[in-house]
Amino acid sequence: QANHLVGLVLKAEWLGVDFPLKLLIIAMTVRGFSLITYPIFNGMGKPKIHFYSIMIQIVAVFSGLWFLVPRYGISGAAYAIIISTSLCFIYTTYKALKLTEFNLRNLLPCTFAVGVSTLIAGALSVAYNRYAEFGNIFQYGGSMIGIGVVYMSLIFLFWKSFKIGPGETLKSILQNLI
């Protein structure tokens, strides 16, 4: 799909950059996970952690560019960015876990409820996308809304039946919407 998307958006002369673009998607996903922690650090009065993570990223990206671009060209630059964002992610995750005294055992029931609900809703959406024929955007949108309702219903089912999952959070969000 990347070749088609690059050709469509950037024209045919850009088709050679589809591999580095795939690498940059990985890097930006990892960076997104790091960005989640910055408000936590600021709220805890620890803005220096954000500063140090950016410094780690800058040093790592310049070092990576220095060594990888001469060998691998534009793909080397993308690898350097993946490495730098990964180091930043590792540092910020370590600091966040240390500051919040995170306990994985407390997270497992919620992760199970969300994971099972997501897998079921995901399987339904794959089946709809693969086998259903939609005449217009409204039919497609309606089916996706239906899958969203199934997902939320499963979250509530786990919460009501087993007292696990983010049911309380979802309930308060829905009450604020209504």
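Here the structure is a predicted model, which is why all the values come from computation and not from measurement.

### Some details on the overall build of the chain
The helix and strand inventory of the chain stands at seven helices and zero strands. Taken across its 178 residues, the chain has 24% of its residues classed as buried. Within the chain, counting contacts between residues at least 6 apart in sequence, those at least 24 apart form 59% of the total. Split by element, the accessible area of the chain, about 12,400 Å² in all, is 70% carbon and sulfur.

### Points about the nonpolar core
The nonpolar side chains of a soluble globular protein tend to be buried with one another. Listed in full, the six residues of the largest apolar core are Tyr38, Phe41, Ile49, Cys88, Tyr91 and Ala96. Looking at this core, the elements that each hand over two or more residues are α2 (18-43) and α4 (74-100). Ranked by residues supplied to this core, first place goes to α4 with three residues. Filtering out sequence-adjacent residues up to four positions away, Tyr91 remains in contact with Ile49, Tyr52, Ser53 and Ile56.

### Thoughts on the packing of helix α6 (residues 137-162) against helix α7 (residues 167-177)
The N-to-C vectors of α6 and α7 enclose an angle of 125°; their axes lie 9 Å apart at closest approach. Regarding the angle of α6 to α7, the classification is oblique. In the packing of α6 onto α7, the handedness of the crossing is left-handed. Across the interface between the two elements, Met152, Ile155, Phe156 and Trp159 of α6 pack against Gly167, Glu168, Leu170, Lys171 and Leu174 of α7. Across the contact of α6 with α7, the residue classes tally to six nonpolar, one polar and two charged.

### Comments concerning the side chain of Ser125
Looking at the element boundaries, Ser125 is found in helix α5 (residues 104-131). Under the relative-accessibility criterion, Ser125 is labelled buried at 18%. For Ser125, the side chain forms a polar contact with the main-chain oxygen of Gly122, separated by 2.8 Å.

### Observations concerning unusual backbone geometry
You will see that Lys163, though not glycine, has its phi angle at about 60°, which is positive. On the accessibility criterion, Lys163 (61% relative accessible area) is exposed.

### Comments concerning the packing of helix α3 (residues 47-72) against α4
Interhelical geometry of α3 versus α4 gives an angle of 155° and a closest axis separation of 7 Å. The orientation of α3 with respect to α4, classified from their angle, is roughly antiparallel. Crossing geometry of α3 relative to α4 is assigned as right-handed.

### Points about the side chain of Ser34
Structurally, the position occupied by Ser34 is in helix α2. For Ser34, a relative accessible area of 1% translates into the label buried. Only 3.3 Å separates the side chain of Ser34 from the backbone nitrogen of Phe89, close enough to count as a polar contact. Beyond its immediate sequence surroundings of up to four residues, Ser34 is in contact with Thr85, Cys88, Phe89 and Thr92.

### Digging into α2
The terminal C-alpha atoms of α2 lie 39 Å apart, and with 26 residues this matches the ideal 38 Å at 1.5 Å per residue to within 8%. All of the buried residues along α2 are Asp18, Pro20, Leu23, Ala27, Val30, Ser34, Thr37, Tyr38 and Phe41. Two residues or fewer past α2, Gly45 is found with a positive phi of approximately 75°.

### Quick word on the packing of aromatic side chains
Considering all chains together, one arrives at six aromatic pairs under this definition. The interplanar angle of 40° and the centroid separation of 6.1 Å between the aromatic rings of Phe158 and Phe162 together place this pair among those described as tilted. In this pair, Phe158 and Phe162 are both assigned in helix α6, four residues apart and thus about one turn of the helix distant. By relative accessible area, which is 55% here, Phe162 ends up exposed.

Procedures and definitions
Sequence positions are assigned chain by chain, starting from 1 and proceeding in written order. The predicted nature of this model means local features are confined to residues of pLDDT at least 70 and side-chain atom pairs, given and counted, to a pLDDT of 80 or more, with totals for whole chains, interfaces and linings taken over all residues. Side-chain numbers here rest on the full set of heavy atoms in the structure, without hydrogens or water. Here a strand is any run of E in DSSP of at least two residues, a helix any run of H or I of at least four, and the numbering for each starts at the N terminus. Only protein chains enter the accessibility calculation, which uses a 1.4 Å probe; a residue whose area is less than 20% of its type maximum is buried, one above 50% is exposed, and one in between is partly exposed. In this description, contact between two residues means that some pair of their heavy atoms is separated by no more than 4.5 Å. The protein chains shown are the only cover counted for residues, whose accessible areas, like all others here, come from Shrake-Rupley with a 1.4 Å probe. We call a set of buried residues a nonpolar core when its members are Ala, Val, Leu, Ile, Met, Phe, Trp, Tyr or Cys and they connect through side-chain atoms within 4.5 Å of each other. Lines are fitted to the C-alpha atoms to define the axes, a helix being fitted only along its stretch in contact, and any angle between axes, read from their N-to-C directions, falls within 0 to 180 degrees. Any angle between 65 and 115 degrees counts as roughly perpendicular, while under 35 counts as roughly parallel, over 145 as roughly antiparallel, and the rest as oblique. For any pair of crossing helices, the crossing counts as left-handed if the nearer helix is rotated counterclockwise from the farther one by less than a right angle, and right-handed if it is rotated clockwise. The residue classification treats Ala, Val, Leu, Ile, Met, Phe, Trp, Tyr, Cys and Pro as nonpolar and Asp, Glu, Lys and Arg as charged. All others, Gly included, are polar. Polar contact is the term for a pair of N or O atoms within 3.5 Å; when the atoms are in protein, one must be able to donate a hydrogen and the other to accept it, and sequence-neighboring residues count only if both atoms are side-chain atoms. Every helix has an expected span of 1.5 Å times one less than the residues it contains. Two aromatic rings, drawn from Phe, Tyr or Trp (for Trp, its six-membered ring), form a pair once their centres lie within 6.5 Å of each other, and the interplanar angle then sorts them: stacked below 30 degrees, edge-to-face above 60, tilted otherwise.

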